Amino acid sequence: MAPTATVQEPEELQDTIKRLAALKPIGHSRGKHDVVTGFDKEWADKLPETTKQRFAKYGIDISQGYPYAPLNEKIPKFVDEVYAIRKDEFPYVERGKNADPEKKLLFDAAEDVIHLTPYVGTEIVGLQLADLTDQQKDELALLIAERVVVFFKDQDLSPQKQLELGHYWGQVEVHPQATRVGPEFDGVTVIWQEHQRKRWGLPLTFKNSKLGNSQWHSDLVHEFQTAGITHLHLDAIPGIGGETLWSSTYGAYDKLSPALQQFLDGKTAIYRSAHQYLDRENPLKGPKYVEREHPIVRTHPATGWKYLFVNRSMTVRIVGLLPAESDLILNYLYDVIESNRDIQVRWSWQKELGSIKKKEDGATAAEPKVYRGVSALWDNRVANHSVVHSEESIVGRHGTRVTSLADTGYFDANSMSQREALGLSLD
Ligand SMILES: [Fe+2]
């Protein structure tokens, strides 16, 4: 006998949709546990000491719990609601574009400026991010665009100031459901792997340490205007381990043959979100990602250099190719980004602060220098990044992240690659 289709009456369907909308959010695609909304009452005590000190100093109240996720009724359940959050172009000022190319105000004020590799990663020594003038912030934006990632150690930085800096460099991304410092801190996202592992059920174990933000990725590529300057401030670090790696996608583009560069120039790809939502038209079909299309080779507005815009975690397919063709090429591009160490920098957040012998400022091994937090600011457009999760380094690592959204992304056929522009060998 042929199966009989059950036709759901419109009213009944509306009722089903309402009931689905009242359920808990689906959350991160890899999370195994229910999403905890509101204040997390059980976790405030587990915060590392240095984080507690930072929060106490800057008046952040964790007495009701920590971290904070938006209340259930405020979290979108349907994918169309998420698309609607930022669907139209908003004004964006590329701060680095009008900066002094010599960056004199920034460099003269710094005690030292240390390039960590020939073309990726620079450390600024002896400056507090909280004290930068607008001109210095513009010069820093250009330095980040050129060097991919810039580091500042020993920073006295409140979450409020971190947010203010983010607003200067662009519209701050407010995630529909990621945990934040508190209800008044939209845009200050909590980065706390131990919480993710235990609360969300992300299976980060020694044998499974390449999950989550350990997989090479770039943040928020499903946005209409994707992430520009991303500022991670770690206010607590483990004694050793927990490094972060960045790979330059200017460099990755330069690694390709001219024929493959030409093939990719002008093509677009589809990018997806990390979190999932329901399709209102077909809610029972299962969770869906937010997806958006961007050029696969883009031109950076400040440097004018071409860069490859792909990452293993969030790129779905190259538009116009068969799935097998797209997979083959994308996997090759991921391999170029992930395996070429000469276009990467690996940052140890501790360095001498982790030393048990070095005496600085009269501090002894028994009275180590106070850890005040380290900031990494990268241009998310021109980088993939990856955290080294080791079982031992997850505990005691905590930070806050603020992301400034940038341009919609464009490809200028007349733009040059980084190595072309700098007159370096193209072999
Ligand atoms: Fe990330």
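For clarity, every value in this text was computed on a predicted model and none was experimentally measured. Each residue is numbered by its place in its chain's sequence as written, counting from 1. In view of the model being predicted, local features appear only for residues whose pLDDT reaches at least 70, and side-chain atom pairs are presented and counted only at 80 or more, with totals across whole chains, interfaces and linings using the full set of residues.

A. Structural context of the sheet that holds strand β11 (residues 288-295). For two strands to be treated as a pair, DSSP must find no fewer than two bridges joining them. Each helix is a run of DSSP H or I of at least 4 residues and each strand a run of E of at least 2, with the numbering of both proceeding from the N terminus. Read from one edge of the open sheet, three strands run β11-β10-β14, paired in antiparallel fashion. Unpaired on one side and paired on the other, β11 and β14 (315-318) mark the two borders of the sheet. Put simply, the sheet's adjacent strands are angled 25 degrees from each other on average, direction ignored. In this analysis an axis means a line fitted to C-alpha atoms, helices contributing only their contacting stretch, and an angle means the value between N-to-C directions, from 0 to 180 degrees.

B. Summary view of helix α10 (residues 323-339). Every helix has an expected span of 1.5 Å times one less than the residues it contains. With 17 residues, α10 extends 24 Å from end C-alpha to end C-alpha; this agrees with the ideal 24 Å at 1.5 Å per step. Any residue surrounded by 20 or more other C-beta atoms within 10 Å of its C-beta is treated as buried, while 12 or fewer makes it exposed and the intermediate range makes it partly exposed; C-beta atoms here are placed from the backbone. Buried within α10 are the following residues: I329, L330, L333, V336 and I337. All buried residues of α10 fall inside an arc of 115 degrees around its axis, so they share one side. When the buried face of α10 is taken as reference, the exposed residues oriented beyond 90 degrees from it are P323, A324, L328, N331, Y332, D335 and S339. Contact definition: two residues whose C-beta atoms, as placed from backbone geometry, lie within 7 Å. In this fold, the buried residues of α10 make contact with β9 (244-248), α8 (249-255), β13 (306-308), β14 and β17 (383-387). The directions considered for the arc run from the helix axis to the C-beta atoms.

C. Layout of the pairing of strand β8 (residues 227-236). Most of β8 sits inside the fold, with 10 of its 10 residues counted as buried. The sheet contact formed by β8 and strand β16 (residues 374-379) spans six bridges and is antiparallel. The residue of β16 that forms the bridge with L232 is A376.

D. Quick peek at the sheet that holds strand β15 (residues 344-347). Taken in spatial order, the three strands of this open sheet run β15-β9-β17, and their pairing is antiparallel. In this open sheet, the two strands that pair with only one neighbour each are β15 and β17. The sheet shows a mean angle of 15 degrees between the axes of neighbouring strands, direction not considered. Where β9 lies against β15, four bridges are found, and the strand directions are antiparallel. Paired with W246 across the bridge in β15 is V345.

E. Spatial organisation of the nonpolar core. Throughout this description, the term nonpolar core refers to a group of buried Ala, Val, Leu, Ile, Met, Phe, Trp, Tyr and Cys residues whose C-beta atoms join them within 7 Å. Core analysis: the biggest nonpolar cluster contains 65 residues, and A141, I144, V149, V150, W246, L308 and W378 have the highest contact counts within it. Per-element tally for this core: the top contributor is helix α5 (residues 134-147), with six residues. Not counting the four nearest positions on each side in its chain, V150 is found in contact with T122, I124, L140, L143, I144 and L377. Counting 15 residues, the second-largest nonpolar core is a separate cluster that includes V36, Y68, V181 and F185.

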